[in-house]
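The lines below spell out each chain.
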Amino acid sequence: MKLDLIRKIVGLILLVLLIGVGFLKPIQEYVSIPKEITLFEGQEANVTSLPVFSQTKENAIYSIAENGEKTLSIKGEESGEENMLLEMADFPVKNVDIKILPDLKIIPGGQSIGVKLNTLGVLVVGHHLIETKQGPKSPGEDAGIKVGDIIMEINNEPIQQMSDVTEFVEEAGKNGKVLKLIVMRDEKKFETELKPIKAKSEEKYRMGLFIRDSAAGIGTMTFYHPGSKKYGALGHVISDMDTKKPIVVHDGQIVRSTVTSIEKGANGSPGEKLARFSNEKDIIGNIKTNSPFGIFGELSKGIKNGIMDTPLPIALSSEVKEGPAKILTVVGGDKVQEFDVEVVSSVPQKFPATKGLVIKISDPALLEKTGGIVQGMSGSPIIQDGKIIGAVTHVFVNDPTSGYGVHIEWMLNEAGINIYADSAKEEDKKAS
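What comes next is a walk through the structure. (Residues numbered from 1 in each chain as written. Predicted model: local features only at pLDDT ≥ 70, side-chain atom pairs only at ≥ 80, totals over all residues. Heavy atoms only, no water.)

### Description of the overall build of the protein chain
Assigned secondary structure in the protein chain consists of 7 helices and 31 strands. Residue burial in the protein chain is summarised as follows: out of 432 residues, 45% are buried. At a minimum sequence separation of 6, the contacts of the protein chain that also span at least 24 residues come to 66%. Of the roughly 22600 Å² of accessible surface on the protein chain, 53% is carried by carbon and sulfur atoms. (Helix = DSSP H or I, 4+ residues; strand = E, 2+ residues; numbered from the N terminus. Buried < 20%, exposed > 50% of the residue type's maximum accessible area, 1.4 Å probe, protein only. Contact = heavy atoms within 4.5 Å. Areas by Shrake-Rupley, 256 points an atom, 1.4 Å probe, with all protein chains shown as cover.)

Next up, the structure:
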């Protein structure tokens, strides 16, 4: 009995010691040494303050940085991937994978922009009942077409705008024929047939569908790449106001816009920027993509924000930290201003994902003017420690002073600026 008690006491002591070891600073620091470090060329990062060392290999992509402190730091020299062995008292303690990405700098935006989207095909936004002698009917609904569907072809001819549909409907109605439709639903196509009819009090034939071929709104420019002129804006997808589904883009344009007034946000009621578009001749770029990370395309005219018009480095999601930051946005006219915000939280993401940041407006002037984050502010670039870290995307309905942001690396990826792919290409060149 006493032997069992002694065993239990010894076991308890060992357990306490084992748990206690985990709280020792050297152990915590060892555990905190990352298994992988990603840097840009010329960028420096601290690895650990433990008495470990590593020797730089000949022709390595990184160097051991001399910073005059008792810390082990590395500096990216050229793009590529390599392994670094950390040693302590001549014993290997940990392998760290080093990934150096090509140097990349982009120019932050902040400008208010008008957005004009033309849909791929025509979008069905509702059903329309037509009063006939036999009662109310909707040929479109009878053909199995739902709200949110996209009519891509009629009688084997591609459809790009509503005027294309009118001609087919009138001709089929007068000749008593059916229309053969190709319809896309959730990225899958199907065929159906529809016979136009006319109301007893009208002469025009109809499909019994409400359709739309374009959409417009305002947002904020996030960045553009000075070399390729590729840009990213908004930070979130544009959805149709009726169907609430993402708009499938055929093409589109962005134009300059001027903020005319602000509807101030409050709890339960998000505010809004009100703006007017510049004239049709002031198109500054096209729209090629409408994705969960924003709209993307290429600029056809130069733009400036008047505050930060020189290229800035970016921060990967793993580099973003909680604390002070800035946003660039317009709250009156076309003047871009800088405002203080706080990064409340940031989630390091290895794969593209939205809502990686939570930010809170801390600038008294912005809070006085807007009440916090308002519609139209989406896309405002977030800058921390001289680096672009992301863009404002959504406001919290019950707290307009706070909202979500998206990490900049995923917007770059959607714009066709894949920093990781560029690194892989450098590796392929070395191997060959």
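Now that the structure is up, let's keep going.
### Topic: the packing of aromatic side chains
Considering all chains together, one arrives at 1 aromatic pair under this definition. Ring geometry for F396 versus Y404: centroids 4.9 Å apart, planes at 80°, classification edge-to-face. You can call F396 partly exposed: its relative accessible area is 25%. (Phe/Tyr/Trp six-rings, centres within 6.5 Å; stacked < 30°, edge-to-face > 60°.)

### Brief notes about the layout of surface pockets
Here the largest pocket is characterised by a volume of approximately 980 Å³. Taken together, 33 residues line the largest pocket, and the ones lying closest to its centre are H236, V237, I238, S239 and Q375. Looking at the lining of the largest pocket, the elements that each hand over two or more residues are strand 8 (112-127), strand 17 (209-224), strand 20 (271-277), strand 28 (374-375) and strand 30 (387-396). Looking at the lining of the largest pocket element by element, the count peaks at 7 residues for strand 17. Broken down by class, the residue content of the lining of the largest pocket amounts to 18 nonpolar, 10 polar and 5 charged. Roughly 650 Å³ of internal volume is contained in the second largest pocket. Considering the residues around the second largest pocket, the lining is formed by 24 residues, among which T38, L316, S317, S318 and E319 are closest to the centre. Secondary structure elements with two or more residues in the lining of the second largest pocket: strand 1 (36-40) and helix 6 (408-414). Tallying contributions element by element places strand 1 first for the lining of the second largest pocket, with 4 residues. Across the lining of the second largest pocket, the residue classes break down as 9 nonpolar, 6 polar and 9 charged. Two domains each provide a minimum of three residues to the lining of the second largest pocket, namely domain 1 (1-12 + 34-101) and domain 2 (105-114 + 215-415). (1 Å grid on protein atoms, 1.4 Å probe; cavity = no way out; pocket = protein on both sides within 12 Å on 5 of 7 lines; lining within 4 Å. Points joined across faces, edges and corners; volume = space filled by probe spheres on them. Nonpolar A, V, L, I, M, F, W, Y, C, P; charged D, E, K, R; others polar. Domains from an automatic or database assignment.)

### Details of the sheet that holds strand 5 (residues 80-88)
Strand order in the open sheet formed by 3 strands is 1-6-5, with mixed pairing between adjacent strands. In this open sheet, the two edge strands, each paired with only one partner strand, are strand 1 and strand 5. With direction set aside, neighbouring strand axes in the sheet form an average angle of 30°. Direction of pairing for strand 1 relative to strand 6 (residues 91-101): parallel, over a ladder of 5 bridges. (Pairing = 2+ DSSP bridges. Axes fitted to C-alpha atoms, helices over the stretch in contact; angles between N-to-C directions.)

### Description of the pattern of salt bridges
Counted according to the given criterion, the structure contains 14 salt bridges. A salt bridge links K321 to D385; its shortest N-O distance comes to 2.2 Å. Of this pair, K321 sits in the loop between strand 24 (312-313) and strand 25 (323-330) while D385 is found in the loop between strand 29 (381-384) and strand 30, placing the two residues 64 residues apart along the sequence. Across the pair D340 and K326 runs a salt bridge, and its minimum N-O distance is 2.5 Å. Taken together, the residues D340 in strand 26 (residues 336-346) and K326 in strand 25 connect sequence positions 14 residues apart. Overall, the relative accessible area of 30% leaves K326 in the partly exposed class. Salt bridges sharing common partners tie together R212, D240 and D242. (Salt bridge = Lys/Arg side-chain N within 4 Å of Asp/Glu carboxyl O.)

Keep in mind these numbers describe shape, not what the thing actually does.
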